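An overview of the molecular structure
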Amino acid sequence: MTKEQLKQLHQSIPLPPELAGLVAETIAAAPFRQRRRSGWKKTIAAFAACLCLFALSVNLSPAFAASLYELPLVGDVAMLFTFRETRQTDEAKNVVIRAPALRGVGDTALEQQINDRIAERIDLLQQQGDQMAQDYLEAYNATKGENDPAFWKVEINIGYQMKYSSPETISFELYFATSAASSFEQQYFYNIDLHTGRDLTLEDLLGPDYLSLCNQAVEEGMARRLAQDPNAFYYSLEDDILEDDEFAFRSIRPDQPFYINHAGNPVIVFEKYEIAPGYMGAPEFEVRAQ
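1. Details of the overall build of the protein chain
- Counting its regular elements, the protein chain contains 8 helices and 8 strands.
- Across the 290 residues that make up the protein chain, the buried fraction comes to 37%.
- Once local pairs closer than 6 in sequence are excluded, the contacts in the protein chain between residues at least 24 apart make up 52%.
- Accessible surface computed for the protein chain: about 17500 Å², of which carbon and sulfur atoms make up 54%.

In structure tokens:
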């Protein structure tokens, strides 16, 4: 389920019609049972206020509504939650980390194994960010002039995004983003069989003909985007620019990153600059099984 679909879902949440009647009946009964019911009336009023606040929150705040998607026990996709959220700052960097963990797999050992993998990756990304920020600071101190502006701290953001969840499978992304003089982002996709803990492959999802299916989806997706967007551009073997030949799409790699979308289909992901100029971002192409 996408964030837009979540927003639409929560915008459709009405206040229970019986709530107003329940509050009215309680208030009407107050003259006869004022002393005994005063606490209950306050409870009903507080409940009504909380429910109204919740309804307003999910309707007015897409961010709040989207966050419900990651909470445990809310729907059949809520298997990943924010286990640890930390903020750090020093002379070199500002860091925000949202570290996820898996819950409700049913196999404690398997669940711990998967969570250990997630935690290990988060730790490595944090170390990478710390080193990058320290290198920037040392380079600044080594070259700064008398009138140079103050050091621009490196902003480091490590987090995750849920992609797909079912009783059998979970798909999510860990991301590492930094910004200082320039921006940089890395994505790591996990597509895990919740019965075995094994990483699913494109062949698992699409069958033995996965390579041709993926290549066809990429080629058709590029052609569709080029036809719809006059500013779109992909490197091509047919262009006169010699450099384009090196980066033109030929085939997906054996280790091509992908995630599973809300429809249960794999989505091929290319790195920024891999098959197109930087302004095209990180191109993605959904593959539908034939």
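What follows picks up the thread again.
2. Remarks on the sheet that holds strand β6 (residues 258-260)
- In space, the 3 strands of this open sheet follow the order β6-β7-β8, with antiparallel pairing throughout. Looking at which strands have only one partner, the edges of the open sheet turn out to be β6 and β8 (284-286). Between one strand axis and the next, the sheet turns by 25° as a mean value, whatever way the strands run.
- Across 3 bridges, strand β7 (residues 266-269) lies against β8 in antiparallel orientation. Considered in β8, the bridge of isoleucine 268 is made with phenylalanine 285.
- Here helix α7 (residues 210-228) sits on the sheet in contact with β7 and β8, set at roughly 115° to β8.

3. What to know about the sheet that holds strand β2 (residues 93-102)
- Pairing is mixed across the open sheet formed by 5 strands, whose spatial order is β1-β2-β3-β4-β5. The sheet terminates laterally at β1 (80-89) and β5 (183-193), the two strands that pair on one side only. Here the average twist between neighbouring strands, direction ignored, is 15°.
- When strand β4 (residues 169-179) meets β5, the two strands line up antiparallel, connected through 11 bridges. Residue pairing across strands places phenylalanine 172 opposite tyrosine 190, the latter belonging to β5.

4. Thoughts on the pattern of salt bridges
- Applying the stated criterion across every chain yields a total of 10 salt bridges.
- In this structure, the salt-bridge partner of lysine 93 is aspartate 90, at a minimum N-O distance of 2.4 Å.
- Members of the salt-bridge network, linked through shared partners, are Asp90, Lys93 and Asp130.

5. Focus: α7
- Between its first and last C-alpha, α7 extends 27 Å over 19 residues, near the 27 Å set by a 1.5 Å rise per residue.
- Those residues of α7 that are buried are in contact with α6 (202-206), β7 and β8.

6. Overview of the environment of arginine 198
- With respect to the helices, strands and loops of the structure, arginine 198 is situated in the loop between β5 and α6.
- The spatial distance from the C-alpha of arginine 198 to the C-alpha of isoleucine 114 is 9.5 Å, given a sequence separation of 84 residues.
- Excluding residues that lie within four positions of it along the chain, arginine 198 makes contacts with Asn191, Ile192, Asp193 and Asp204.

7. What to know about the environment of glutamine 216
- Topologically, glutamine 216 is positioned in helix α7.
- It is 8.6 Å that separates the C-alpha atoms of glutamine 216 and valine 287, two residues lying 71 residues apart in sequence.

Cut-off values and rules
Residues numbered from 1 in each chain as written. Predicted model: local features only at pLDDT ≥ 70, side-chain atom pairs only at ≥ 80, totals over all residues. Heavy atoms only, no water. Helix = DSSP H or I, 4+ residues; strand = E, 2+ residues; numbered from the N terminus. Buried < 20%, exposed > 50% of the residue type's maximum accessible area, 1.4 Å probe, protein only. Contact = heavy atoms within 4.5 Å. Areas by Shrake-Rupley, 256 points an atom, 1.4 Å probe, with all protein chains shown as cover. Pairing = 2+ DSSP bridges. Axes fitted to C-alpha atoms, helices over the stretch in contact; angles between N-to-C directions. Salt bridge = Lys/Arg side-chain N within 4 Å of Asp/Glu carboxyl O. Expected span 1.5 Å × (residues − 1).

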